[in-house]
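Chains, contacts and geometry: an overview
The primary structure of each chain is shown beneath.
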Amino acid sequence: MELVSLFITSFIVNNIIFMQFLGTCPFLGVSKKIDTAAGMGIAVIFVITLASIITYIVHHAILVPLELEYLQTIVFILIIAALVQFVEMFLKKSAPGLYQALGIFLPLITTNCAVLGVAINNIIYEYSFVKSLVYSVGTSSGFLLAIVLFAGVRDKVDYADLPESLKGSAISLITAGLMSVAFLGFSGLQL
Amino acid sequence: MNKLQIFKNGVTTENPILVQQVGMCATLAITTSLINGIGMGVAVIAVLTGSNIVISALRKYIPDEVRIPAFVIIIAAFTTIIDLLMHAYTFALYQALGVFIPLIVVNCIILARAEAFAFKNGILDSTIDGLGMGVGYLVAMILLSSIREILGNGTILGLRILPEAYEPMMMAIQPPGAFIILGLLIGFVNYLSRRKNA
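All values derive from a computational prediction rather than experimental measurement.

1. Quick notes on the overall build of chain B
Tallying secondary structure elements over chain B gives nine helices and two strands in all. Helices and strands appear in chain B in the N-to-C order α-α-α-α-α-α-α-β-β-α-α. The C-alpha atoms of chain B give 18 Å as radius of gyration, which agrees with the globular expectation for 198 residues (16 Å, within 12%). Overall, the C-alpha framework of chain B stretches about 60 × 50 × 25 Å when taken along its three principal axes. By residue count, 51% of the 198 residues in chain B fall in the buried class.

2. Some details on the side chain of Arg-113 of chain B
Residue and element names in this part refer to chain B. Positionally, Arg-113 belongs in helix H6 (residues 108-118). A relative accessible area of 8% means that Arg-113 is categorised as buried. Dropping the residues within four chain positions of it, Arg-113 is found in contact with Glu-14, Gln-20, Leu-48, Asn-52, Ala-118, Asp-129 and Met-133.

3. Points about the pattern of salt bridges
Throughout the structure, instances matching the rule amount to seven salt bridges over all chains. Across the pair Glu-164 of chain A and Lys-167 of chain A runs a salt bridge, and its minimum N-O distance is 3.4 Å. Taking relative accessible area as the criterion, Glu-164 of chain A reaches 44% and is therefore assigned partly exposed. Judged by its relative accessible area of 40%, Lys-167 of chain A is partly exposed. Between Glu-115 of chain B and Arg-67 of chain B there is a salt bridge whose closest N-O contact spans 2.8 Å. Of the two residues, Glu-115 of chain B is situated in helix H6 and Arg-67 of chain B in helix H4 (residues 67-89); the sequence distance between them amounts to 48 residues. Residue classification places Glu-115 of chain B among the partly exposed residues on the basis of a relative accessible area of 28%.

4. What to know about the nonpolar core
In terms of nonpolar packing, the biggest core is built from 106 residues, with Phe-18, Phe-27 and Leu-116 of chain A together with Met-40, Phe-100 and Leu-182 of chain B touching the most fellow members. With residues near it in sequence (within four places) discarded, Phe-18 of chain A still touches Phe-27, Ala-146, Ala-176, Met-179, Ser-180 and Phe-183 of chain A together with Pro-175 and Phe-179 of chain B.

5. Notes on the confidence of the model for chain B
A residue-level look at chain B finds 99% of positions with pLDDT of 70 or above and a mean pLDDT of 89. With a pTM of 0.89, the predicted complex shows an ipTM of 0.86.

6. A few points about the interface of chain A and chain B
Listed by partner, the interface residues are 37 residues for chain A and 35 residues for chain B. Surface buried jointly by chain A and chain B totals about 2900 Å² across both partners, of which 82% is contributed by carbon and sulfur atoms. Summed over the three residues of chain A that lose the most area to chain B, namely Phe-21, Ser-165 and Leu-173 of chain A, the buried surface amounts to 22% of that side. Here chain A is connected to chain B by zero salt bridges. The tally of links from chain A across to chain B stands at two residue pairs in polar contact (both at pLDDT 80 or more).

7. Regarding unusual backbone geometry
Within the chain, Glu-67 of chain A stands out as a residue other than glycine whose phi angle is a positive 55°. Within the secondary structure, Glu-67 of chain A is located in the loop between helix H3 (34-63) and helix H4 (72-94). A relative accessible area of 62% means that Glu-67 of chain A is categorised as exposed. With a phi angle near 50°, Gln-21 of chain B is a residue other than glycine that sits in the positive phi range. Structurally, Gln-21 of chain B can be placed in the loop between helix H1 (3-11) and helix H2 (24-30). Classification of Gln-21 of chain B by relative accessible area gives partly exposed; the value is 24%.

8. What to know about a nonpolar patch on the surface
Residues and elements named next belong to chain A. A cluster of nonpolar side chains, contributed by Leu-3, Ile-57, Phe-129, Val-130 and Leu-133, occupies part of the molecular surface with about 380 Å² of accessible area. A per-element tally of the nonpolar patch places helix H8 (residues 129-157) first, with three residues. Tracing the backbone shows Leu-133 in helix H8. By relative accessible area, which is 30% here, Leu-133 ends up partly exposed.

Cut-offs applied
- Residues numbered from 1 in each chain as written.
- Chains lettered and ligands numbered in written order.
- Predicted model: local features only at pLDDT ≥ 70, side-chain atom pairs only at ≥ 80, totals over all residues.
- Heavy atoms only, no water.
- Helix = DSSP H or I, 4+ residues; strand = E, 2+ residues; numbered from the N terminus.
- Rg over C-alpha atoms; globule rule 2.2 N^0.38 Å.
- Buried < 20%, exposed > 50% of the residue type's maximum accessible area, 1.4 Å probe, protein only.
- Contact = heavy atoms within 4.5 Å.
- Salt bridge = Lys/Arg side-chain N within 4 Å of Asp/Glu carboxyl O.
- Core = buried A, V, L, I, M, F, W, Y, C linked by side-chain atoms within 4.5 Å.
- pLDDT = per-residue confidence, 0-100.
- Buried area = accessible area lost by both parts, 1.4 Å probe.
- Polar contact = N/O pair within 3.5 Å; in protein donor to acceptor, adjacent residues only side chain to side chain.
- Patch = residues over 30% accessible without salt bridge, like charges linked within 9 Å, V, L, I, M, F, W, Y side chains within 5 Å.
- Areas by Shrake-Rupley, 256 points an atom, 1.4 Å probe, with all protein chains shown as cover.

This is the structure we're talking about:
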């Protein structure tokens, strides 16, 4: 029950984009079409989950016993960068179909602060292994939800008659703000 | 390019937030009060200038193929230094900024300057570029965070400037306010630059 509640909280109530602002760059950058947005979202779920597992193990098995916690930032970003490279190479060899679909998004994910943010949050909140797994899957699914919804709205916004100065990222941010109001409605939701 | 021009570029014509729109995560998240905005801005100036200096000094020794991982390690080292310094000397601010201090590592503006400027230019020019971009970032943070603090709390740096009777606009310091106010701010900057060019 506790895990279900953690999942819902990280998925919707504390939505990673609309409430925590992690991963806003790809959210604004790769949301012009619903298919590419969905591709990015799935790639992010994949990488965040893997990265959380590995950083969790490295933190508790290597950094803590050696009292090297202050190296957390450097170690985590290296793990994420290496992981993204490996995933890319692995997919290219063994699952060309999936690679075709996710390929272009993978390099972009290294600089997606959601990945590092979730890995660090797992440590800050002192989650157990299972909890951090649930938190990672929930949070990254929240990213998929947010980016697909946003891409759908942007499709319509493109046809709207806007003042010249608001075109482009200005109206995207305002749209995201209005969607964030909707997500604010979930705040305080308890299971 | 002359030195003043490099500096001015970062603050105005290529302002990282208002024009290039990179490194938005921290911008949106921590600008709930002016002091947080200034703290984050100063931290970014320090990391950006430091990494620009080191990268431009080492640019002849870093092989082209591994330059991105090398940049990331240098940036991460500076971020860790800032993280530890803020933990030691400005603890309240450290707690307010939370996870966004280590996340300076993945702030795209720093990697972008390393790749686009520091790797190709001398130490002095790179220092000025880092300072210029950093100050541009700080200016945008100050603008956004003071608007949010005034509207959402009626105060600036904790001092009350709007009368007690003012009903704080909660929305401004809640997440939606961040998106909407930054959107309007960018729209306003677009308007100004369009008018200037017309």
